[in-house]
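# Fold and geometry: a report
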Amino acid sequence: MLLACEIPEKLDEVYKLAQQIKKDFYGNRIVLFAPLYLSNYCVNGCVYCPYHMKNKHIALCVTGGIVKEVTALQDMGHKRLAIEAGEDPVNNPIEYILECINTIYSIKHKNGAIRRVNVNIAATTVENYRKLKEAGIGTYILFQETYHKESYEQLHPTGPKHDYAYHTEAMDRAMEGGIDDVGLGVLFGLDKYKYEFAGLLMHAEHLEAVHGVGPHTISVPRIKHADDIDPDVFDNGISDDTFAKICVSQISGASKTSVGGYADPEAEKNAEATSEQFDVSDQRTLDEVVNWLMKMDYIPSFCTACYREGRTGDRFMALCKSMQILNCCHPNALMTLKEYLEDYASPQTRELGMKLIDREIEKITNPKVKQTCYEHIHDIADGKRDFRF
């Protein structure tokens with residue numbers, strides 16, 4: 001009902017309430033990450049994705065230059081990645097994914113380091129999920145695409161992804177394999193948005209009922225133009241007004257959806273065949289995104305503390321539901337923002353950010369936490385890094 005509401009006064013109430021709920025639980029921080037495409041080899045026939053196996057003019061490649069890619073991302077200031085790969089057991093086996101994760105974590109460039117790797121790969125086995133858990137991943141992400149079974153099978157006519165049940169039950173297998181931090185999502189535009197939204201809520205309720213914890217994240221991508229994909233062919237798109245009713249707490253910054261797109265963006269731009277999964281409409285740099293967020297009084301956060309402190313799954317949810325997670329999130333956001341300002345920010349962004357930190361640190365209610373955060377902010381200015389609550 002709320003999503004369908006078009007009464008201006010009621011919509012204003014919805015937006016204000018959503019903003020207050022987010023502020024009460026997570027504060028005014030927005031977490032930043034970047035997708036990293038490892039390979040676009042894929043054996044599926046998804047009709048909305050240019051990586052479908054029949055597309056012969058997309059550039060097929062794996063990222064042999066992963067060190068260059070990660071170094072480029074570190075030089076922007078990123079600390080958190082979401083790795084992406086098509087489904088191809090020959091070219092993208094689980095061993096390749098695990099090797100990439102290990103390589104990413106090992107790269108230390110100047111003051112840079114990727115502290116958390118999320119994984120968005122195809123539905124797989126319990127044993128493979130155990131391997132991902134042992135590799136130290138953050139969140140396992142898998143988009144359902146659409147919960148409407150008939151539409152799902154039509155949109156995925158060939159390949160292993162055609163199996164609706166296997167795909168839909170992937171999160172249960174992931175949790176059985178020890179991954180207690182998962183992310184759901186649908187691709188809005190493939191089917192009716194009200195049905196999809198209800199499906200997301202029911203899936204979240206199922207995970208909590210069966211495994212004791214629901215999803216950490218819910219993603220809300222919309223179908224976009226891509227190499228041989230015309231989004232206008234899909235007649236279930238949602239308007240900007242409807243999309244705005246969905247609350248956001250994480251965004252990507254300076255993203256590339258091509259394999260090798262960070263280290264050599266000009267080569268991708270000038271290539272005869274693209275390896276982009278879809279067009280990216282936001283072409284701003286990470287510095288510009290950080291600056292934009294701060295001008296709206298949000299704290300750009302590069303925090304990865306919960307995952308490295310073991311606050312995942314039911315432990316994270318217990319803190320979240322009791323509204324205690326903010327006691328960690330707020331100071332951690334400020335300290336990681338300070339790192340960004342010292343190492344990567346433009347002079348204008350740095351000046352804006354220091355004023356924001358000075359304001360926000362005064363909002364920390366716990367005197368001991370405030371003092372410790374204040375001390376670490378000064379430690380970071382002196383060259384030290386990686387503090388967390």
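Note that this is a predicted model, so its numbers are computed, not measured. (Residues numbered from 1 in each chain as written. Predicted model: local features only at pLDDT ≥ 70, side-chain atom pairs only at ≥ 80, totals over all residues. Heavy atoms only, no water.)

### Regarding the nonpolar core
Note the cut-off: Nonpolar cores were defined as sets of buried Ala, Val, Leu, Ile, Met, Phe, Trp, Tyr and Cys residues, with membership established by side-chain atoms within 4.5 Å. The buried label goes to any residue with under 20% of its type's maximum accessible area, the exposed label to any with over 50%, and the partly exposed label to all in between, with areas taken from a 1.4 Å probe on protein chains only. In DSSP terms, a helix is any run of H or I states spanning at least four residues, a strand is any run of E spanning at least two, and both are numbered starting from the N terminus. Contacts are residue-level and defined by heavy atoms, with any inter-residue pair within 4.5 Å sufficient.
In terms of nonpolar packing, the biggest core is built from 55 residues, with Ile97, Leu132 and Tyr140 touching the most fellow members. Per-element tally for this core: the top contributor is helix H3 (residues 94–106), with seven residues. If sequence neighbours within four positions are ignored, Leu132 has contacts with Ile94, Ile97, Leu98, Ile101, Val119, Ile121, Ile137 and Ile179. Counting residues in hydrophobic clusters, the runner-up holds 25 residues, among them Leu286, Leu293, Met335 and Ile361.

### A closer look at the pattern of salt bridges
For the record, the criterion: What makes a salt bridge here is a side-chain nitrogen of Lys or Arg within 4 Å of a carboxyl oxygen of Asp or Glu, nothing more.
Enumeration according to the criterion identifies 20 salt bridges in this entry. Among the salt bridges present, the one from Lys149 reaches Glu153, with a minimum N-O distance of 2.8 Å. Here the residue Lys149 and the residue Glu153 both occupy positions in helix H5 (residues 149–155), the gap between them amounting to four residues, near one helical turn. A residue is classified by how much of its surface remains accessible, and Lys149, at 45% relative accessible area, is partly exposed. By relative accessible area, Glu153 is classed as partly exposed at 29%. In this structure, the salt-bridge partner of Asp180 is Arg315, at a minimum N-O distance of 2.9 Å. With Asp180 in the loop between helix H7 (170–176) and strand E7 (182–185) and Arg315 in helix H13 (residues 313–321), this residue pair connects regions lying 135 residues apart in the sequence. Overlapping salt bridges bring together Arg115, Arg308, Glu309, Glu339, Asp386 and Arg388 as one network.

### Points about the pairing of E7
The test is simple: Criterion used throughout: strands pair if DSSP finds at least two bridges between them.
What you see with E7 is no split at all: Val182 and Leu184 on one side and Gly183 and Gly185 on the other are buried throughout. When strand E6 (residues 140–141) meets E7, the two strands line up parallel, connected through two bridges. Within E7, the residue paired with Ile141 across the bridge is Gly183. Here E7 pairs with strand E8 (residues 217–219) via three bridges, running parallel.

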